[in-house]
Amino acid sequence: LVWHIAMRCIYAVSLGVVAPCLDGLTLAHLDCIEGASAIEFGKERMYGALWWGLGSLAAGIGIDYYGFDFLYAMLIISTLASYMAMGVYLWGLGRDTTGAFKSCGNFGEKSAKSKSEYQHEKAKSTGENDDIISNAELLRIVFRTGYGKALLFLVFTLAMGISVVDNLAFMYFDSLGASNTMDGWTVVSTVIFEIPVFYVAPMLLERYGPGRLLLAAGIAYIIRVVGYTLVPDGEVYTMYIILMLETLHGVTYAGSKAGSVEFISSMMPGGYEASGQGILIFATYFGIVAGLIMAGWIQETLGARVMFRVMAAIVSIGVTVYLLAELFCDKAHLETDTVDRSESDENCHLIKSDSCASSASAFADKETERYIRNLKYDSLNKYVTDW
């Protein structure tokens, strides 16, 4: 048991380092590529969902035929494939002829410029001249409105709920009579809908925003786990009902991942993509730990069905808090943060500058905002300051 816990701790630390860096790297590349933006993160992430489904199916079939020793061979193959993928990435990066990814310390001139502009605005407003924006300041950026707090709370409750399904659902499925192969097929069912949701995530984000995507993820989760508690025991068709319910995971995971990544990245200064995702991973892992501790105790004392109902109630609280924030909290600066990313750097800086974000009245009139966007001055920010 001690050895297993130690391995889990090493795994968690490693994933906690790699995951935000990988997401931040993806966002930075999207920021550099001509015609692309961070809002297209979902299209990149869907490849991870595809290989997750294939790997889970292979693991389930392999365990049924060869036992748990099959996982050792699969681990070696996965490790070699990971190093090969990193080698191909570095090889391709070195052969890049566009120059988009060769900037001093940052991927892309736009990220570097946005980062320096943010620091310049900060120095003008506070009189300080910090070369590095602290994590505490980045955290304050996320929490500066009630709407941001509510949305991050929804991310936290979703992390609690999703962690229970990811780690404890297979034990429940086994009690219903599922084989390891059937467990693998449940993951395939999740991925079947996860991939298309990731693919259309940019369109959904542009139309509805990250908050609505997270809201859909929460509602899908509630329907799914409540459905778990209603299936009968020991029937032939029980696991087929579970397979149908698993398709809702595509909406839950892809919606929460794409929505939360977009929400955080839209608020971070350029060059701090990985730091922003680190904040997101911290909130997510805090939810995972809290969810698993609570759910494990409930499952041991009251059973799996009660556990899933409690998790549905917790996510319902997160959804309710977000809906209240949607109705009553000011989110003007969030709207201006996420629109028109394809515009020029000057326009993007106008949208994200502290002076504009701190004054909701400056953008209360949408017609005035649209008028300012269409001005063709060489120094748009100077005009706004004079105005």
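Above this text you will find the structure in question.
Residues numbered from 1 in each chain as written. Predicted model: local features only at pLDDT ≥ 70, side-chain atom pairs only at ≥ 80, totals over all residues. Heavy atoms only, no water.

(A) Examining the overall build of the chain more closely. Scanning the chain for helices and strands turns up 16 helices and 0 strands. Out of the 387 residues belonging to the chain, those deemed buried represent 44%. In the chain, the proportion of contacts linking residues at least 24 apart, taken out of those at least 6 apart, comes to 76%. (Helix = DSSP H or I, 4+ residues; strand = E, 2+ residues; numbered from the N terminus. Buried < 20%, exposed > 50% of the residue type's maximum accessible area, 1.4 Å probe, protein only. Contact = heavy atoms within 4.5 Å.)

(B) Looking closely at helix α11 (residues 304-328). Spanning 25 residues, α11 covers 36 Å between terminal C-alpha atoms, matching the ideal 36 Å at 1.5 Å per step. Along α11, the residues classified as buried are A304, M307, F308, M311, A312, I314, V315, G318, V319, Y322, A325 and E326. (Expected span 1.5 Å × (residues − 1).)

(C) Representation of the packing of aromatic side chains. For the structure shown, the criterion picks out 13 aromatic pairs. Taken together, a centroid distance of 5.1 Å and an interplanar angle of 70 degrees make the contact between Y228 and F308 edge-to-face. With Y228 in helix α7 (residues 180-230) and F308 in helix α11, the pair connects residues that are 80 residues apart, well separated along the chain. Accessibility expressed as a relative area gives 0% for F308, which makes it buried. The structure contains a cluster of three or more aromatic residues connected by ring pairs, namely F170, Y172, F173, Y228 and F308. (Phe/Tyr/Trp six-rings, centres within 6.5 Å; stacked < 30°, edge-to-face > 60°.)

(D) The side chain of T252, seen in detail. Tracing the backbone through its elements, the reader meets T252 in helix α9 (residues 248-267). On the accessibility criterion, T252 (0% relative accessible area) is buried. A distance of 3.3 Å separates a polar atom in the side chain of T252 from the backbone oxygen of A217. (Polar contact = N/O pair within 3.5 Å; in protein donor to acceptor, adjacent residues only side chain to side chain.)

(E) Spatial organisation of the packing of α7 against α9. Contact geometry of α7 with α9 gives a least axis separation of 4 Å together with a crossing angle of 140 degrees. When the axis of α7 is compared with that of α9, the two are oblique. Here the contact of α7 with α9 is composed, by residue class, of 19 nonpolar, 8 polar and 4 charged. (Axes fitted to C-alpha atoms, helices over the stretch in contact; angles between N-to-C directions. Parallel < 35°, antiparallel > 145°, perpendicular 65-115°, else oblique. Nonpolar A, V, L, I, M, F, W, Y, C, P; charged D, E, K, R; others polar.)

(F) Layout of the nonpolar core. Judged by nonpolar contacts, the single largest core of 61 residues is most densely connected at Y172, F173, Y221, Y228, I242, M307 and F308. Looking at this core, the elements with two or more residues in it are α1 (2-32), α5 (135-142), α6 (146-175), α7, α8 (238-246), α9, α10 (273-302) and α11. It is α6 that provides the largest number of residues to this core, a total of 16 residues. Non-local contacts of Y228, meaning those with residues more than four positions away in its chain, are made with V165, Y172, F173, I242, L245, E246, R305 and F308. (Core = buried A, V, L, I, M, F, W, Y, C linked by side-chain atoms within 4.5 Å.)

(G) Geometry of the pattern of salt bridges. Considering all chains together, one arrives at 3 salt bridges under this definition. For the salt bridge of R224 with E246, the shortest nitrogen-to-oxygen distance reads 3.0 Å. With R224 in helix α7 and E246 in helix α8, the pair connects residues that are 22 residues apart, well separated along the chain. Each member of the pair, R224 together with E246, is buried. (Salt bridge = Lys/Arg side-chain N within 4 Å of Asp/Glu carboxyl O.)

(H) Molecular detail of the environment of K257. As for its position among the elements, K257 is in helix α9. Residue class for K257 comes out buried when judged on its relative accessible area of 15%. For the pair K257 and R45, spaced 212 residues apart in the sequence, the C-alpha separation amounts to 8.9 Å. Filtering out sequence-adjacent residues up to four positions away, K257 remains in contact with D23, F41, R45 and F198.

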